[in-house]
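Examining the three-dimensional arrangement
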Amino acid sequence: MIEIFTTGGTIDKVYFDALSEFQIGPTAIPDLLRENNVHVPHRVTQLMRKDSLELDDADRAAIRAAVENSEASHILVTHGTDTMVVTGRMLAGIAGKTIVMTGAMQPASVRASDAEFNVGFALAAAQILPPGVYIAMNGMIFDPATTEKDRAGARFVAQ
């Protein structure tokens, strides 16, 4: 079984026309998995609805506690891309668990989003990688300890 923890970020943003802006809404993950006919046993828990730039150390501690307390040995965390590396580094050292983090550069609700691919890729990675913490974005696997987000290139790169 894969435990999926959602924290918000761009992947869960929805457009509020009355405000003419995107805001983080309910997690898109259950709908995305159902629409893509995903049958791997999983459970989705929404931990928070925050842009990753709004996450603080208390939020990261709550994410770590949720991962540590999960009975699952395969964990997927959806997270905003701006501080995904910071949270990934805080998850280091949790023994016996494969923890894969992913997100999206465009909301899942947008047609040209990378969300579907990234979530599918991360689900596969969580099933086959050895225990440790990983970032799975845009067809690549990264170690949070040696990775940074390239904002201009809208991608992650190894340092």
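Residues numbered from 1 in each chain as written. Predicted model: local features only at pLDDT ≥ 70, side-chain atom pairs only at ≥ 80, totals over all residues. Heavy atoms only, no water.

For the rest of this paragraph, the subject is helix H2 (residues 57–69). Taking 1.5 Å of rise per residue, 13 residues should cover 18 Å, and H2 covers 18 Å from first to last C-alpha, within 8% of that figure. When we look at burial in H2, the residues that qualify are Asp-59, Arg-60, Ile-63, Ala-66 and Val-67. Down the axis of H2, the sector holding all buried residues measures 120°, keeping them to one side. Facing away from the buried side of H2 by over 90 degrees, the exposed positions are Asp-57, Ala-58 and Asn-69. On its buried face, H2 sits against strand S1 (2–8), strand S4 (42–50), strand S5 (74–78), helix H3 (84–90) and strand S6 (98–102). The opening residue of H2 is Asp-56, an N-cap whose side-chain oxygen sits 3.1 Å from the backbone nitrogen of Ala-58. (Helix = DSSP H or I, 4+ residues; strand = E, 2+ residues; numbered from the N terminus. Expected span 1.5 Å × (residues − 1). Buried < 20%, exposed > 50% of the residue type's maximum accessible area, 1.4 Å probe, protein only. Arc of directions from axis to C-beta. Contact = heavy atoms within 4.5 Å. Polar contact = N/O pair within 3.5 Å; in protein donor to acceptor, adjacent residues only side chain to side chain.)

Tallying each qualifying case throughout the model produces seven salt bridges. Two residues, Lys-149 and Asp-82, come together in a salt bridge whose shortest N-O distance is 3.0 Å. Here Lys-149, found in strand S9 (residues 147–150), pairs with Asp-82, found in the loop between S5 and H3; they are 67 residues apart in sequence, far enough to count as distant. Judged by relative accessible area, Lys-149 falls into the partly exposed class, the value being 22%. (Salt bridge = Lys/Arg side-chain N within 4 Å of Asp/Glu carboxyl O.)

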